[in-house]
Amino acid sequence: MIAIDRPGPDEYLPYYAGYMNLVPETDILGALAAQPAAMIAWAASVPADMEAYRYAPGKWSPRQVLGHVNDGERVFGYRAFAIGRGDTASLPGYDEQEYMAHSRFDERSLSDLAAEFAHLRGANLLALRTFVDADWSRIGTANGAPASTRALAWIMVGHARNHLGVLAERYGLAAPVTGG
């Protein structure tokens, strides 16, 4: 197993610093691997009447939040894969509101969305575990800014933790314990 250094602030947009701060672990692959089981357990603990609840008009439901986490997992995972593989193309950003406008997350159960997260993360982990030191430190361009493979791995963990923290704070739904 290789040691993957924590990314420096020049390897990601300042916007992502909050996500980075939610990931104190030094074993990023371990942190990535721990989240799916915790997510499934968390989803199973949410009362059915809270899955589509919104605490205010225009706010996302827990199903929508988890669907957004899945969208982010796809985007950040692809970015990490592409940059790690040496892709020099500028990778696009994504408009989370536009993605949400075309989703149907409230038609799906929270447990289904958590299972999807586990599959997405599993696929991302299979790819990330094949990387060597040079792949992890490679820097590409995503959303018009520098992004390293390793920064994207930390962002994936922090993104999920951030949104589950919002669900705990705004909806009273306890966030799963995923290390830290």
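Scroll up to find the structure.
Residues numbered from 1 in each chain as written. Predicted model: local features only at pLDDT ≥ 70, side-chain atom pairs only at ≥ 80, totals over all residues. Heavy atoms only, no water.

## Topic: helix α2 (residues 28–45)
Helix length check: α2, at 18 residues, gives a terminal C-alpha distance of 26 Å against a target of 26 Å (1.5 Å per residue), a fit within 8%. Along α2, the largest kink reaches about 25° and is centred on Gln-35; proline Pro-36 follows within four residues of it. Turning to α2, its buried residues are Ile-28, Leu-29, Ala-31, Leu-32, Gln-35, Pro-36, Ala-38, Met-39, Trp-42 and Ala-43. On its buried side, α2 packs onto α3 (62–84), α5 (110–128), α6 (133–137) and α7 (149–171). The opening residue of α2 is Asp-27, an N-cap whose side-chain oxygen sits 3.4 Å from the backbone nitrogen of Leu-29. (Helix = DSSP H or I, 4+ residues; strand = E, 2+ residues; numbered from the N terminus. Expected span 1.5 Å × (residues − 1). Bend = angle between axes of the 7 residues up to and from the residue. Buried < 20%, exposed > 50% of the residue type's maximum accessible area, 1.4 Å probe, protein only. Contact = heavy atoms within 4.5 Å. Polar contact = N/O pair within 3.5 Å; in protein donor to acceptor, adjacent residues only side chain to side chain.)

## What about the sheet that holds strand β3 (residues 145–148)?
Across the sheet, three strands lie side by side as β1-β2-β3; this open sheet has mixed pairing. The open sheet is flanked by β1 (90–91) and β3, the only strands paired with a single partner. Note: strand β2 (residues 139–142) against β3, four bridges, orientation antiparallel. Opposite Thr-141, over in β3, you have Pro-146 as the bridge partner. (Pairing = 2+ DSSP bridges.)

## Considering the packing of α2 against α5
One way to put it is that α2 packs onto α5 with a least axis distance of 8 Å and a crossing angle of 170°. When the axes of α2 and α5 are compared, the pair comes out roughly antiparallel. Taking contact as the criterion, the partners of Leu-29, Ala-31, Leu-32, Ala-33, Gln-35, Pro-36, Met-39, Ile-40, Trp-42 and Ala-43 in α2 are, on α5, Leu-110, Ser-111, Ala-114, Ala-115, Phe-117, Ala-118, Arg-121, Leu-125 and Leu-128. Looking at the contact of α2 with α5 residue by residue, the class counts come to 16 nonpolar, two polar and one charged. (Axes fitted to C-alpha atoms, helices over the stretch in contact; angles between N-to-C directions. Parallel < 35°, antiparallel > 145°, perpendicular 65-115°, else oblique. Nonpolar A, V, L, I, M, F, W, Y, C, P; charged D, E, K, R; others polar.)

## Let's talk about the pairing of β2
Side chains Gly-140 and Ala-142 project from β2 onto a buried face, and the interleaved Ile-139 and Thr-141 project onto a face without burial. Looking at chain direction, β1 and β2 are connected through two bridges and run parallel. Residue pairing in the sheet places Ser-90 in a bridge with Thr-141 of β2. The antiparallel hairpin formed by β2 and β3 contains two residues in its connecting segment, where Asn-143 sits at a positive phi of about 55°.

## Brief notes about the side chain of Arg-79
Residue position: Arg-79 is located in helix α3. Look at Arg-79: it is buried, it has no salt bridge, and the nearest opposite charge is Glu-96 at 9.8 Å. Sequence-distant contacts of Arg-79, that is, excluding residues within four places in its chain, are made with Tyr-16, Leu-91, Pro-92, Gly-93, Tyr-94, Ala-142, Asn-143 and Leu-152. (Lys, Arg positive; Asp, Glu negative; His and termini not counted. Salt bridge = Lys/Arg side-chain N within 4 Å of Asp/Glu carboxyl O.)

## Concerning the packing of α3 against α7
Put simply, α3 and α7 touch, their axes get as near as 8 Å, and they point 175° apart. If you check the angle between α3 and α7, you find them roughly antiparallel. Along the contact surface, α3 presents Pro-62, Val-65, His-68, Val-69, Gly-72, Glu-73, Phe-76, Gly-77, Arg-79, Ala-80, Ile-83 and Gly-84, while α7 presents Thr-149, Leu-152, Ile-155, Met-156, His-159, Ala-160, His-163, Leu-167 and Tyr-171. Across the contact of α3 with α7, the residue classes break down as twelve nonpolar, seven polar and two charged.

## Regarding the nonpolar core
Core analysis: the largest hydrophobic core is formed by 28 residues, its most contacted members being Ile-28, Leu-29, Leu-32, Leu-128, Trp-136, Leu-152 and Ile-155. When contributions to this core are tallied by element, the ones reaching two or more residues are α1 (17–21), α2, α3, α5 and α7. The element that contributes the greatest number of residues to this core is α7, accounting for seven residues. For Leu-29, the contacting residues outside a window of four places in its chain are Ile-4, Leu-125, Leu-128, Arg-129 and Trp-136. Counting 20 residues, the second largest nonpolar core, distinct from the first, contains Phe-105, Leu-113, Ala-160 and Leu-164. (Core = buried A, V, L, I, M, F, W, Y, C linked by side-chain atoms within 4.5 Å.)

Interpretation note: all reported values are geometric properties and have no functional meaning in isolation.
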